[in-house]
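Summary of structural features
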Amino acid sequence: MAGAIRKAVFPVAGLGTRFLPATRALPKELLPIIDRPLIDYAIAEARAAGIETMIFVTGLDSNASQLRSHLNLPADRMAALAGKSAELGRAMAAADLPPGAAQFVTQEEPLGLGHAVWCARELVGDEPFAVLLPDDLMDCDPSAIAQLVAVFEETGGGVVAVEDVPKEDTQRYGVIDPGAVEGRRVEVRGLVEKPRPEDAPSTLSVIGRYVLPPEIFDELARFERGAGGEIQLTDAMAKLIGVTPFHGLRTVGRRFDCGSKAGFIAAQIGFALKDTEIRDDVLRQMETELRV
Ligand code: G1P
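Note that the structure is a prediction, hence the values are computed from the model and not measured. For every chain, the first residue of the written sequence is number 1, and numbering continues from 1 along that sequence. In view of the model being predicted, local features appear only for residues whose pLDDT reaches at least 70, and side-chain atom pairs are presented and counted only at 80 or more, with totals across whole chains, interfaces and linings using the full set of residues. Side-chain numbers come from the whole structure's heavy atoms, not from hydrogens or water.

**Brief notes about the layout of surface pockets**
Of the two site types, the cavity is a set of points on a 1 Å grid over the protein atoms alone where a 1.4 Å probe fits but cannot get out, and the pocket is an open set with protein on both sides within 12 Å along at least five of seven lines, each lined by residues with an atom within 4 Å of a point. Grid points are joined across faces, edges and corners, and a volume is the space filled by probe spheres set on the points. Its volume calculated, the largest pocket comes out at about 1,200 Å³. Lining the largest pocket are 39 residues, and of these R18, K28, L133, D135 and K194 sit closest to its centre. Strands here are runs of E lasting at least two residues and helices are runs of H or I lasting at least four, both read from the DSSP assignment and numbered beginning at the N terminus. Elements that contribute at least two residues to the lining of the largest pocket include exactly α5 (113-118), β11 (204-212), α9 (233-240) and β13 (254-257). The leading source of residues in the lining of the largest pocket is β11, at 4 residues.

Here you go:
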């Protein structure tokens, strides 16, 4: 399936400080939900939207090489594992990308999400593209990014996934100033990064899925610092409002905030209870735990 969007950017240069010490040597995107690392869920989501090229923006450290070896497993290790059983072979193949599909670029300094996306400009080129933050684990059918691409095909411009958050949480998100609502789609009139609850234009917040026009790179190239002294993707998107159509989409499905410990555990429970092989055991364990 060839979709309107061919390329996806995955910013994976974060230090994973909230999951230390687990992330001392392990990129947080390789933390598993059951038996699949977060990055695999995000890649599968992109592939389900017909996206072919996956661009990973990594940091300079060893995290980058670990991600690379996860995504491009050396052929001998692949053969050794896949040769053990058909089931293992299938599990290995599920995480495999076709040759050339994974591309890497380095973000030399951690200057913010906007800067990370800007680092991918040469690999993206002059075409609209997707951005997926693997911390936000989306359990959606059609895939969350496929839902955004469908809106993009109608509206063009920029499309972001949005969700209502508790008012006290607005300072953790990009928050939109909503305009006209049409079903699950809402016009974006303004965007603010991490506003205090009393300053937030609404509680409708951006979650980590975006379809963006290439013009975003011109805005990012100004290197303007925003919230937290970082180059914010939200600020660059805000500049495009009025120049290009901009919409939020309340995606159908569930989101787990795997950037937080509680959200990460909720994802484990949610996915375990959907897995027929382990569901009953897990339920029994949970009942036991609740009695202790
Ligand atoms: C980033 C974005 C923010 C967005 C959030 C979604 O923030 O800057 O606008 O709402 O992702 O997860 P971060 O979580 O990197 O602080």
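**Section: the site of the ligand**
The cutoff for a nearby residue is simple: one of its non-hydrogen atoms must lie within 4 Å of the molecule or strand. Around the ligand, a shell composed of 13 residues is seen, among which D136, G174, E193, K194 and V206 lie nearest. One of the side-chain N or O atoms of E193 is found 2.6 Å from an oxygen atom in the ligand. Each polar contact in these results corresponds to two N or O atoms within 3.5 Å; when the atoms are within protein, one needs to be able to donate a hydrogen and the other to accept it, and residues that are neighboring in sequence are counted only if both atoms are side-chain atoms. Note that an oxygen atom of the ligand is positioned 2.8 Å from one of the side-chain N or O atoms of K194. Relative to its unbound accessible surface of 380 Å², the ligand loses 76% to contact with the protein. To decide whether a molecule occupies a pocket or cavity, check its atoms: if more than half lie within 2 Å of the grid points, it is inside. Among the detected pockets, the ligand sits in the largest pocket. Top contributing element to the shell around the ligand by residue count: β11, with 4 residues. Each residue is assigned to one class: nonpolar for Ala, Val, Leu, Ile, Met, Phe, Trp, Tyr, Cys and Pro, charged for Asp, Glu, Lys and Arg, and polar for all the others, Gly among them. For the shell around the ligand, a count of residues per class yields 6 nonpolar, 4 polar and 3 charged. Reported accessibility uses the Shrake-Rupley method at a 1.4 Å probe radius. Residues are deemed covered only where the shown protein chains occlude them.

**Some remarks on the packing of aromatic side chains**
The rule is short: rings of Phe, Tyr and Trp, with Trp giving its six-membered ring, pair when the centres are within 6.5 Å, and they are stacked under 30 degrees, edge-to-face over 60, tilted in between. With the rule as written, the count across this model stands at 7 aromatic pairs. Centre to centre, the rings of W118 and F223 are 4.7 Å apart; their planes meet at 85 degrees, and the pair counts as edge-to-face. Here F223 lies in the loop between α8 (216-220) and α9 and W118 lies in helix α5, a separation of 105 residues in the sequence. Summary of the burial criterion: residues with accessible area below 20% of their type's maximum are buried, those above 50% are exposed, and those between are partly exposed, where the area comes from a 1.4 Å probe applied to protein chains only. For W118, a relative accessible area of 17% gives the class buried. Through a chain of ring-to-ring contacts, three or more aromatic side chains come together here, namely F10, F56 and F104. The rule is short: NZ of Lys or CZ of Arg within 6 Å of the ring centre and within 35 degrees of the ring normal puts a charge over the ring. The positively charged end of R68 is found above the aromatic ring belonging to F104, 4.3 Å away from the centroid. Over the face of the ring belonging to F271 we find K274, whose NZ or CZ atom lies 5.2 Å from the ring centre.

**What to know about unusual backbone geometry**
Glycine aside, a negative phi is what most residues show, and trans is what most peptide bonds show. P21 follows L20 through a cis peptide bond whose omega is 5 degrees. Here P21 shows up in the loop between β1 (7-11) and β2 (32-33). Following D141, the chain continues into P142 via a peptide bond in cis, with omega recorded as 0 degrees. With respect to the helices and strands, P142 occurs in the loop between β7 (136-139) and α7 (144-155).

**Side note on the nonpolar core**
Among the nonpolar cores identified, the biggest contains 35 residues, and F10, I51 and F56 are the most heavily contacted of them. Ranked by the residues each element gives to this core, the list is headed by α7, at 7 residues. Throughout, a residue-residue contact means that at least one pair of heavy atoms, one from each residue, lies within 4.5 Å. With sequence-adjacent residues up to four places away left out, F56 is seen in contact with F10, V12, I39, I43, L71, A102, Q103, F104 and V105. Take the buried residues of types Ala, Val, Leu, Ile, Met, Phe, Trp, Tyr and Cys, join any two whose side-chain atoms come within 4.5 Å, and each joined set is a nonpolar core. Counting residues in each nonpolar core, the second largest holds 31 residues, with V9, C119, L191 and L212 among its members.

**A short note on the environment of D76**
By secondary structure assignment, the location of D76 is in helix α3 (residues 75-82). In this structure, the C-alpha to C-alpha distance between D76 and V149, residues 73 residues apart in sequence, is 37 Å.

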